[in-house]
Every structure is written in structure tokens, then in C-alpha cells.
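# Remarks on the overall topology
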Protein chains: 2
Amino acid sequence: MRRLEKLSTETVTITEVCPRDGFQNLPRVLDTDVKVRVINELIDCGFNQIEVSSFVHPKAIPQLQDAEEVFEKINRNENVTFRALVPNLKGLERAITSKVEKIKLMLSASDSHSLSNANCLTAEALEGFKPLVEKCSENRVTLTGSISVAFGCPYEGKVPLKRLIDICKKYGELGIKEISLADTAGMANPVLTRKVVKELYKQFPDFKFSLHMHNTRGMAFANIVAAYEEGIRDFDSSVAGFGGCPYSPNASGNISTEDLVHGFEEMGISTGIDLDKVLETGRCLGKLYNGHVDSFILKAGKNSDLKISPKQQSKIGN
Amino acid sequence: MRRLEKLSTETVTITEVCPRDGFQNLPRVLDTDVKVRVINELIDCGFNQIEVSSFVHPKAIPQLQDAEEVFEKINRNENVTFRALVPNLKGLERAITSKVEKIKLMLSASDSHSLSNANCLTAEALEGFKPLVEKCSENRVTLTGSISVAFGCPYEGKVPLKRLIDICKKYGELGIKEISLADTAGMANPVLTRKVVKELYKQFPDFKFSLHMHNTRGMAFANIVAAYEEGIRDFDSSVAGFGGCPYSPNASGNISTEDLVHGFEEMGISTGIDLDKVLETGRCLGKLYNGHVDSFILKAGKNSDLKISPKQQSKIGN
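Residues numbered from 1 in each chain as written. Chains lettered and ligands numbered in written order. Predicted model: local features only at pLDDT ≥ 70, side-chain atom pairs only at ≥ 80, totals over all residues. Heavy atoms only, no water.

## A short note on the interface of chain A and chain B
Every contact between the two is made by 71 residues of chain A and, on the other side, 71 residues of chain B. For the pair chain A and chain B, the two sides together bury roughly 5800 Å², of which 57% comes from carbon and sulfur. At the surface where chain A touches chain B, the tally comes to two salt bridges. With its nearest N and O atoms 3.4 Å apart, the salt bridge here joins Arg-194 of chain B to Glu-229 of chain A. Taken together, chain A and chain B are joined by 16 residue pairs in polar contact (both at pLDDT 80 or more). Looking at the side of chain A that touches chain B, the elements that each hand over two or more residues are helix H4 (89–97), helix H5 (111–118), helix H9 (190–203), helix H10 (220–229), helix H11 (257–266) and helix H13 (296–300) of chain A. Broken down by element, the side of chain A that touches chain B gets its largest block of residues, five residues, from H5 of chain A. Considered class by class, the residues forming the side of chain A that touches chain B number 29 nonpolar, 25 polar and 17 charged. (Contact = heavy atoms within 4.5 Å. Buried area = accessible area lost by both parts, 1.4 Å probe. Salt bridge = Lys/Arg side-chain N within 4 Å of Asp/Glu carboxyl O. Polar contact = N/O pair within 3.5 Å; in protein donor to acceptor, adjacent residues only side chain to side chain. Helix = DSSP H or I, 4+ residues; strand = E, 2+ residues; numbered from the N terminus. Nonpolar A, V, L, I, M, F, W, Y, C, P; charged D, E, K, R; others polar.)

## Re the pattern of salt bridges
If you walk through the whole model with that rule in mind, you get 46 salt bridges over all chains. The partner of Glu-51 of chain B in a salt bridge is Arg-83 of chain B, with the nearest N and O atoms 2.6 Å apart. A residue pair is termed long-range when its members are at least 10 positions apart, and Glu-51 of chain B in strand E2 (residues 49–54) and Arg-83 of chain B in strand E3 (residues 81–85) qualify at 32 residues. You'll find Glu-51 of chain B and Arg-83 of chain B in the same group, each marked buried. We note a salt bridge from Arg-194 of chain B to Glu-230 of chain B, for which the minimum N-O separation is 3.0 Å. With Arg-194 of chain B in helix H9 (residues 190–203) and Glu-230 of chain B in the loop between helix H10 (220–229) and strand E9 (234–237), this pair connects stretches of sequence that are 36 residues apart. According to the relative accessible area criterion, Arg-194 of chain B is buried, its value standing at 3%. Connected through salt bridges with shared partners, the residues Arg-20, Asp-21, Glu-51, Arg-83, Lys-104 and Asp-236 of chain A form a single ionic network. (Buried < 20%, exposed > 50% of the residue type's maximum accessible area, 1.4 Å probe, protein only.)

## Observations concerning the packing of H9 of chain B against H10 of chain B
Pairs of packed helices are described in terms of their axes, by the angle between the two and the distance that separates them. All names here are of chain B. Across the interface, H9 lies against H10 with an axial gap of 8 Å and an inter-helix angle of 30°. Overall, the two elements H9 and H10 adopt an arrangement that is roughly parallel. The interaxial crossing formed by H9 with H10 has right-handed handedness. Here Pro-190, Thr-193, Arg-194 and Val-197 of H9 come into contact with H10, specifically with Ala-222, Asn-223, Ala-226, Ala-227 and Glu-229. Looking at side-chain class alone, the contact of H9 with H10 contains five nonpolar, two polar and two charged residues. (Axes fitted to C-alpha atoms, helices over the stretch in contact; angles between N-to-C directions. Parallel < 35°, antiparallel > 145°, perpendicular 65-115°, else oblique. Left-handed = near helix turned anticlockwise from the far one by under 90°.)

## Details of the relation of the copies chain A and chain B
Mapping chain A onto chain B calls for a rotation angle of 180° and an axial translation of 0.0 Å; the resulting RMSD is 0.0 Å. Both chain copies can therefore be described as sitting about a two-fold axis. Within chain A, Ala-222 of chain A has its C-alpha nearest the rotation axis, a separation of 2.0 Å. Both copies present the same face, since 100% of the interface residues in chain A are matched by interface residues at the equivalent positions in chain B. (Least-squares fit on C-alpha atoms with pLDDT ≥ 70 in both.)

## Quick word on the packing of aromatic side chains
Counted under the stated rule, the structure contains 17 aromatic pairs over all chains. For the pair Phe-296 of chain A and Phe-296 of chain B, a centre-to-centre distance of 6.4 Å together with 50° between the ring planes defines the contact as tilted. Residue Phe-296 of chain A is located in helix H13, and its partner Phe-296 of chain B is located in helix H13 (residues 296–300); the two belong to separate chains. With a relative accessible area of 11%, Phe-296 of chain B lands in the buried category. Among the aromatic residues, those joined into a cluster by ring pairs are Tyr-201, Phe-204, Phe-207 and Phe-209 of chain A. Seen from the ring of Tyr-228 of chain A, Arg-233 of chain A lies directly overhead, with NZ or CZ sitting 3.7 Å from the centre. (Phe/Tyr/Trp six-rings, centres within 6.5 Å; stacked < 30°, edge-to-face > 60°. Lys NZ or Arg CZ within 6 Å of the ring centre and 35° of its normal.)

## Focus: empty space enclosed by the protein
Residues and elements named next belong to chain B. Going through the model one piece at a time under the given rule, you end up with five cavities of 30 Å³ or more. Lining of the largest cavity is provided by 15 residues; of these, Asn-215, Ile-255, Ser-256, Asp-259 and Phe-296 occupy positions nearest its centre. The residue makeup of the lining of the largest cavity, split by class, is six nonpolar, six polar and three charged. Its volume calculated, the second largest cavity comes out at about 70 Å³. (1 Å grid on protein atoms, 1.4 Å probe; cavity = no way out; pocket = protein on both sides within 12 Å on 5 of 7 lines; lining within 4 Å. Points joined across faces, edges and corners; volume = space filled by probe spheres on them.)

## Examining the environment of Lys-35 of chain A
All names here are of chain A. As for its position among the elements, Lys-35 is in helix H2 (residues 32–45). When the C-alpha positions of Lys-35 and Asn-88 are compared, they lie 24 Å apart, and in sequence the two are 53 residues distant. Sequence-distant contacts of Lys-35, defined by excluding residues within four places in its chain, comprise Phe-23, Leu-30, Gln-63, Leu-64, Asp-66 and Val-70.

## Comments concerning the packing of helix H2 (residues 32–45) of chain B against helix H12 (residues 275–288) of chain B
Residues and elements named next belong to chain B. The geometry of H2 relative to H12 is characterised by a closest axis approach of 9 Å and an angle of 165° between their N-to-C directions. Judged by the angle between their axes, H2 and H12 are roughly antiparallel. Relative to H12, the crossing made by H2 is left-handed. Residue-level inspection shows Val-34, Val-38, Glu-41, Leu-42, Asp-44 and Cys-45 of H2 in contact with H12, the latter providing Lys-277, Val-278, Thr-281, Leu-285 and Leu-288. Residue composition of the contact of H2 with H12, by class: seven nonpolar, one polar and three charged.

## Examining the environment of Leu-174 of chain B
Residue and element names in this part refer to chain B. Mapped onto the elements of the fold, Leu-174 is located in the loop between helix H8 (161–173) and strand E7 (178–183). Here Leu-174 falls in the buried class, since its relative accessible area comes to 15%. In this structure Leu-174 touches Leu-126, Phe-129, Lys-130 and Val-133, once residues within four positions along its chain are discounted.

Now the structure itself:
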């Protein structure tokens, strides 16, 4: 809960979510082999955790219908946790067959977002998790919870803090104490982020919260810094900034991994990620999509990429 | 020096710099009448201060060769300070003839940037300000100083804090105690920004510092929040995010006014700016440039622009 004033010796953990959140938002379906190649490259970048896919109905998200094949083909190793999203029991069975070691459950902080996304109220979504929790326990699969639109709903606007507290309580009753707070529509600001994180840690001191921030309105990095100052050490990001905001089609989405890693490292906070390798993967992804990337560092280079001072100095004056 | 934890009743002052920094970076010269129309629209947005132009040699920056005509044609009024950049005595004479009320002097924190930009060392630039200070005093023109590449030099990298302290001392000896700290190449981070601002206020408690941040590496808003927490209340920004980073041609430049105003207002900090009017001006500027804008809010809309929840709810599941 300290202010970031001097270089820290602490570290953060960054979960790469491009293979799920990034690919999910792409306009055309990628070949499975391309996905596998990208994920294998990401494994080499040093991430501790990668969100690989989502076991949803193929008709809901055709892009992710190859979840089983992707899990089968990637270079899984014990240093990396390979996570997947699961919406229901059918999806969980598929994930267990694919030997997925960590499952993320999703629900929405607001009822209108929950209705539009999962066709049920938030409370109903929580009820529906019970059989999944039991099945995970039987199969020794780790579970993590998440709360979409935690910092603002594109339909309702502000989300009362009490909603988040109530949801975390219910998650706790289900035995889930690791929760990802997602700013799905990019509506957070640093004051709100600080307030939410502070209050949630106060109410749930034994929980582990992580942050999944979208840069829709240019404040993601500032929000992450505020959350770091309040104790959060786990953050999601997406290579090349892949993964738009579904409510603002032409806007930015996930904060890019390059920007997050570069920002933390510049502040003296270690990520354990090989930024140059991430940049290389980002460049390759950009080529697949006609050069379109949504990553500041991919465009501007790192701070350490110094320019050569012009030899012929021109005088600007009258 | 307090942390931004709750809604504040404080206000900030935002200086619009698009007419100088934004236009200066455009690939083609704008008609003077277009500039005048844009500036008059900006005056109506509620800015207290607008950086109108630069009295440099026409050959150095052809885009700004019409500084006199712009100053003559805009709707000047007593509620707005109209500022201009001046590099030397010749420029100052032109500015005085145009009845410019506030002059900004520029120098670089690093010698290599100073050499490439002004063909002299930083210390020489400071020496050169003496006759300008005298002339401003004689003509009752307000002076403000600035320090380019204050948070990092594209040629040298890190800038020692001692350089900034020495420059501020010299500025103080010249009687200049209002200083704009510019992150010209977008190399700042929140830890560095906090450290620099804290130390400068400690050394120069009677100075007024302002911040001119570029969003080259995605950290401008986070840096501004850190500086706000350390006491800075004056910030530059550019409508539509016009004004690139000269050292990273395809990267972002000035933080956009829309994003800065929206961000502050969302945090409960009043700017006094009519955001909708700024957005309208930004949209018009975008049309002039084939829709290219570098502003999150212009692309995503404000937080308060709520979406209509889809009536036909689709179930995402297996």
C-alpha cells in the first residue's frame, strides 16, 4: 500500500492473454498451427501463465473451436500454467479431457452485461458455478474467478462497489479466492481503481486479486500503477495489443504486453519477461494483420533504443 | 503530495498546444484561416491558455510562418492567455509587434538534444536568454521557461536530475520561475516523474512547474497522475492528439486534450473545459486529415456514452 517513489526490488507476474482474448476478437479465423506457433513463442518469452483458449460452444466463438487441438499441440511445460476459460459443465468436461490445469470462470458485475453475455443474471451465474467447482475439485483442477465490467458497465455505467463485494463473498463461499477484476469496457480511472482494490483487499485480505485492463480510454497503465500501489502484483496483457473492446469497435482493447513489460521494467519492477522476444512475436502478429498493431513500444521502440544525433546540426532560429 | 484516493474538489489548468506543437508536426501546411477557425473554436472550449504559434524563422518551420497573421485574426479576449514560442531576439521582436502577452523560451536538458535542436550547448542557450529577458521586462511581456527532453533524451538516454536542478537555478537567476517540464521523446515513467517533480519542488518551492507530456510509450496519463499527486496543476495537451514524436515518426505524440480532460473529470478533478466542444473540434481536425486522430476518447467515446443493451440476447455456451 505504498506509493511508488523509488525503484522497487519487487516483481510482478504478467499473464499473456492474446491466444484467448486477442484471437477471439480477430475478424478472421486463424489456422490452428499459427496459434500453436504463437503460443510456443510466448512460452519462450518467459510468461508464468498463458491464457490459451476458451472451451465455449464452437458456434459462439468459432475462432476458439480448436481449443482441444491447441492444448494438444503446444509445448506445455511445468514452468508455465496454461489457463482456459470455461463457461459451463460441458466446457469443463472438454477442458478436463484436454488436461487443462487451470480454469477461469467468468461472470459480469452488472446484470445487463450478464444478460447480454451469458443470458442470465449475475446471481444466477454464481449459482451455476457450483457443479463446476465440485467437478474441478474431483479432478484437481485449479479454479480462478473473474468479474467482467468490474470498473464500469457499457450499458449501466458505474458499478456499485457493493456489487463487487457481494460477488467476491459468493466466490469465497465457493472456495474461490483468486479473482481477476476485468475492466472489459475500459471505463476505469486511477482513483476508482485504487478505491476498488483497497476496499476489496480490506474486505478479503486472504484473496489474491489480479487485474485485466483494457486501454479503451487511455488510462490502463495509470490504473495498473494505482493497483500496484495498492498491492496487486498480477496483471493480464496481450501481445501487440490484440483484443479490441467489443463495445467500441475502433478503439483500443487489452493493454499490450510490450507496453506493460516496458513500463514496469522502466520503473525498476521486474517482470521476468524477455521484452525483445515479445516484440519479435508482436511484429510477426502484426505482419499477419497488415501491420496493424496496438502497442506503443512496437511503434516507438524501447526507451533504450537510442537515436543517433544528427551530424549536420541545423539551426532553428530567426 | 497526497495520494489520489478520493474525489477531489481541486481543479487543473490545461493549456491547449495543438496550434503550435500539433500543427508544427503536420506533413502539409494548413491555411491560416483554418488555423484561425480551429483556435477560435478552442477559445470557445474554455481553455485559460492556448499556445498559438512560434516566432521561429520561416525556413525552420514553414508551417508556423504565419504567426503574425494568426495572432491578428484570432478572437483574443482577456479570459485567455495567448502564448507563443520564441527562440531568439528577432522572434521576440516579432512577438512584441504582434502583442503576444506570454512568451515561452525553450532549451534542452541534454547537450546533444540542444546541439541538434538549437545548435548550441544548454548553458549557451541559457546565456542567450539574457537579452530576451530584458526586452520582455521592458515590454511587460510575461515569460515562461521550458526544458525539453527533461525526462529522457533520445540521443543520450537518462537525464541526470542535477541537470534539471542546474537549469532551474539558472532560470531562477534570470527571474523565470514558471517552468514547463517537457517529455519531448515520451521517455518518462511514473516513478521517474514523481521523483523529478518532488525534488524540483523541494529545491524550488516558489517555482510553478507545469508538464508537457508525450504519449510515445503509453505512459503519459500515468505520469500526469503521478505529477498531480506531487502538486503539479498545469498540463499541456493537444486536441485530437495532433503533434507526433519527432524521434519516432509513426508513434503517438502529445497526449490528447480529450483524453486528459476526460481522465481528470472522471477522477472528479475539474478542468473547466467543455469536453463535447473539444471532441467536435477534434472530429473536424480528423476530417482534415483523412480521419486520422490520436485520441482514445475520439475513438471510444466518453464513459458516459452508454450503449443500448442488445434486446436479442445470445447465449454463449456449449
